[in-house]
Amino acid sequence: MIIVMEANASQEQIKLVHDRLEENGFKVHLSQGVERTIMGAVGEKTQAMMELFETLPGVERVVPIVQPFKLASRVFQQQQSLIPVGNEVVGDGSIQIIAGPCAVEGREKYLEVAQVVKEAGATMLRGGAFKPRTSPYSFQGLEKEGLKILAEARRVTGLPVVTEIVDPRLVEEVADYVDVLQVGARNMQNFFLLRELGKVNKPVLLKRGPSATVEEWIMAAEYIISSGNPRVIMCERGIRSFEKYTRNTLDLSAVPLIKQLTHLPIIVDPSHGTGKWKLVEPMALAAVGAGADGIMVEVHQNPSEALSDGPQSLTPEHFRELVSKVKRMVAALHS
Ligand code: PEP
Ligand code: MN
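Here the residue index of a chain counts from 1 through its sequence in written order. The order in which chains are written sets their letters, starting at A; the order in which ligands are written sets their numbers, starting at 1. The predicted nature of this model means local features are confined to residues of pLDDT at least 70 and side-chain atom pairs, given and counted, to a pLDDT of 80 or more, with totals for whole chains, interfaces and linings taken over all residues. The basis for the side-chain values is all heavy atoms of the structure; hydrogens and waters are excluded.

Let's shift gears to the site of ligand 1. We define proximity as follows: a residue is near a molecule or strand when any one of its heavy atoms falls within 4 Å of that partner. All residues in the neighbourhood of ligand 1 are listed as Arg-126, Lys-131, Glu-164, Gln-182, Gly-184, Ala-185, Arg-186, Lys-207, Arg-237, His-272 and Met-296. Note that an oxygen atom of ligand 1 is positioned 2.8 Å from one of the side-chain N or O atoms of Lys-207. Across the complex, the protein chains shield 93% of the 290 Å² of accessible surface that ligand 1 would expose by itself. Two N or O atoms form a polar contact when they lie within 3.5 Å of each other; inside protein one atom must be a possible hydrogen donor and the other a possible acceptor, and for residues adjacent in sequence the pair counts only when both atoms belong to side chains. Per-residue accessibility takes into account occlusion by the displayed protein chains alone, with areas from the Shrake-Rupley method and a 1.4 Å probe.

If you check helix H7 (residues 214–226), its first and last C-alpha atoms are 18 Å apart, about what 13 residues at 1.5 Å a residue would give, namely 18 Å. Only protein chains enter the area calculation, which uses a 1.4 Å probe; residues under 20% of their type maximum are buried, those over 50% are exposed, and those in between are partly exposed. Labels follow the DSSP assignment, with helices taken as runs of H or I lasting at least four residues and strands as runs of E lasting at least two, numbered in each case from the N terminus. Of all the residues in H7, the buried ones are Val-214, Trp-217, Ile-218, Ala-220, Ala-221, Glu-222, Ile-224 and Ile-225. For this analysis, residues touch if any pair of their heavy atoms sits within 4.5 Å. Next to the buried residues of H7 lie helix H6 (191–197), strand S11 (204–207), strand S12 (232–236), helix H8 (254–261) and strand S13 (266–268). Backbone geometry just after H7 places Gly-228 at a positive phi near 120°. Any helix carries an expected span of 1.5 Å times its number of residues minus one.

Attention now goes to the coordination of the manganese ion (ligand 2). Coordination here is defined by N, O and S atoms within 2.8 Å of the metal (3.2 Å for Na, K and Ca), and since water is not considered, a site can look incomplete. Coordination of the manganese ion (ligand 2) by the protein is provided by Cys-102 (SG), His-272 (NE2), Glu-298 (OE) and Asp-309 (OD), with metal-donor distances spanning 2.0 to 2.4 Å. In the primary sequence, the donor residues of the manganese ion (ligand 2) line up as C-x169-H-x25-E-x10-D. With Cys-102 in the loop between strand S7 (96–100) and helix H3 (107–120) and His-272 in helix H9 (residues 270–274), the pair connects residues that are 170 residues apart, well separated along the chain. Each of the two residues, Cys-102 as well as His-272, counts as buried.

With that out of the way, let us pick up the packing of aromatic side chains. When the centres of two rings from Phe, Tyr and Trp lie within 6.5 Å, Trp using its six-membered ring, the rings pair. Their planes under 30 degrees apart give stacked, over 60 give edge-to-face, and anything left gives tilted. A full pass over the atoms with the stated rule returns one aromatic pair. Here the aromatic rings of Phe-191 and Tyr-223 are separated by 4.4 Å at their centres, their planes lie at 25°, and the arrangement is stacked. Placement of the pair is Phe-191 in helix H6 and Tyr-223 in helix H7, with a sequence separation of 32 residues. Judged by relative accessible area, Phe-191 falls into the partly exposed class, the value being 31%. Criterion for a charge above a ring: Lys NZ or Arg CZ within 6 Å of the ring centre, and within 35 degrees of the ring normal. The ring of Phe-192 carries the charged tip of Arg-195 above its face, separated from the ring centre by 6.0 Å.

Bridge analysis of strand S2 (residues 27–32) against strand S3 (residues 37–42) gives six bridges, and the strand direction is antiparallel. Residue pairing in the sheet places Leu-30 in a bridge with Met-39 of S3. Linking two consecutive strands that pair antiparallel, namely S2 and S3, is a turn of four residues. Note on pairing: two strands pair once DSSP finds at least 2 bridges between them.

If you trace the four strands from one edge of the open sheet to the other, you get S2-S3-S1-S4, paired in antiparallel fashion. Both outer strands of the open sheet, S2 and strand S4 (59–63), are each paired with one neighbouring strand and no more. Each neighbouring strand pair of the sheet contributes to a mean axis angle of 20°, computed without reference to strand direction. Relative to S3, strand S1 (residues 2–5) is paired through three bridges, and the arrangement is antiparallel. Each bridged residue has a counterpart across the sheet, and for Val-4 the counterpart in S3 is Ile-38. A fitted line through C-alpha atoms represents every axis, and for helices the fit uses only the stretch in contact; the resulting angles, taken between N-to-C directions, go from 0 to 180 degrees. Here helix H2 (residues 47–54) sits on the sheet and contacts S1 and S4; the angle it forms with S4, its principal contact strand, is near 165°.

This part covers the pattern of salt bridges. For side chains bearing opposite charge, pairing can occur when the charged atoms are close. Salt bridges are defined by distance alone: a side-chain nitrogen of Lys or Arg within 4 Å of a carboxyl oxygen of Asp or Glu. Tallied over the entire structure, the rule returns 18 salt bridges. Several salt bridges share partner residues, and in doing so they unite Arg-36, Glu-60 and Arg-61 into one network.

Turning next to the pairing of S1. Of the two faces of S1, the one carrying Ile-2 and Val-4 and the one carrying Ile-3 and Met-5 are both buried. In this sheet, S4 lies alongside S1 in antiparallel orientation, the contact comprising four bridges. Bridge assignment links Met-5 to a residue of S4, and that residue is Val-59.

As a further point, take the packing of H3 against helix H4 (residues 144–157). How two helices sit against one another is set out by the angle between their axes and by the gap between those axes. It is the contact of H3 with H4, at a shortest axis distance of 10 Å, that shows an interaxial angle of 35°. The two elements H3 and H4 meet at a crossing, and its hand is right-handed. Together, Arg-107, Tyr-110, Leu-111, Ala-114, Gln-115 and Lys-118 of H3 and Ile-149, Leu-150, Glu-152, Ala-153, Val-156 and Thr-157 of H4 make up the contact between the two elements. Note on residue categories: nonpolar means Ala, Val, Leu, Ile, Met, Phe, Trp, Tyr, Cys or Pro, charged means Asp, Glu, Lys or Arg, and polar means any other residue, Gly included. Here the residues of the contact of H3 with H4 are counted per class, giving seven nonpolar, two polar and three charged. Here a crossing is taken to be left-handed if its near helix is turned anticlockwise relative to the far helix by less than a right angle, and right-handed if that turn runs clockwise.

The next thing to look at is the environment of Ser-335. With respect to the helices and strands, Ser-335 occurs in the segment after helix H11 (316–334). Within the structure, Ser-335 has its side chain in polar contact with the backbone oxygen of Ala-332 (distance 2.9 Å).

Moving on, we come to the packing of H3 against H11. Remark: H3 packs on H11, axes separated minimally by 9 Å, with the N-to-C direction vectors making an angle of 25°. The pairing of H3 with H11 is recorded here as roughly parallel in orientation. In this structure, H3 meets H11 at a crossing whose hand is right-handed. Contacts from Val-116, Val-117 and Ala-120 of H3 reach H11 at Pro-316, Phe-319, Arg-320 and Val-323. Oblique is the label for any angle not under 35 degrees, not over 145, and not in the 65 to 115 range, which are roughly parallel, roughly antiparallel and roughly perpendicular in turn.

Attention now moves to the environment of Thr-315. With respect to the element layout, Thr-315 can be found in the loop between strand S14 (294–298) and H11. Looking at Thr-315, the relative accessible area reads 24%, which means it is partly exposed. Once the C-alpha coordinates of Thr-315 and Val-75 are considered, the two residues, 240 residues apart in sequence, prove to be 42 Å apart. Among all residues touching Thr-315, those that are not within four sequence positions of it are Val-299, His-300 and Pro-303.

Next comes the structure, spelled out in structure tokens:
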């Protein structure tokens, strides 16, 4: 439930409500706004308990949160979460363009493509160092060597880096090298990993599971937030459907839905969302039109030689065209 304090509630009144909540076994999340204090109380509530809290001095009203997610909910926090990453802020109305190859394939190649996407207008770099694939016989990533290359690219370009974390035991180590930790679609409900990410001091990019409902996805975010890390960025990357022309079915309705249901920023990955490079630009533009806070796009110098996801990777030239169209689209939306 949410306890909304009166605008002129005193610190003693706030403390009393806070203490009473804790005595009754609630976990309390304070949100101290300019106007008033709001307390999110997560725990077992009853009608009688809600009525009791409504009688405490300084309490304006008690609102039940009917959805299973609490801390991620718009009801709990009305203002949009702003998540700083390097010099950028995710969620502030700007469009983040996260670009790079599916996997870090080698030092020279990665540093080159990083520079190319930076010059084209990318605001962050992507690249997988740990790549457990559908087949154990496919390329598995450069692992720690890949992390070092990502850190070098970060130094050289000045752009923040996003990479996937697959093992709860490596959270601290990966966090030392990069700016944003990505939870891959297949790990969206790896609850031990989510809990570990709750303890880390870095933003988390949470991909939607291939068969996850919007509610299950938000509950995964709730795991991270309730474990202590509020900096969660949602990422729609397509869900599995009966359609075979595309690798996944990109669910763009998730963008306004996440905005309505939660206060978390959301970005869209049209590369994994479609699996086809020719569909990436139109879906990236559609994502921006739907209100996304950014896009994540795979770019490779030579997609036909990519060790993973070549068919959905853009060439640098196509990426430049995409960025220029995204910028025109943003300008049109703001005009
Ligand atoms: C990725 O972005 O590198 C990736 C593996 O995507 P997903 O987890 O969405 O399949
Ligand atoms: Mn990929």
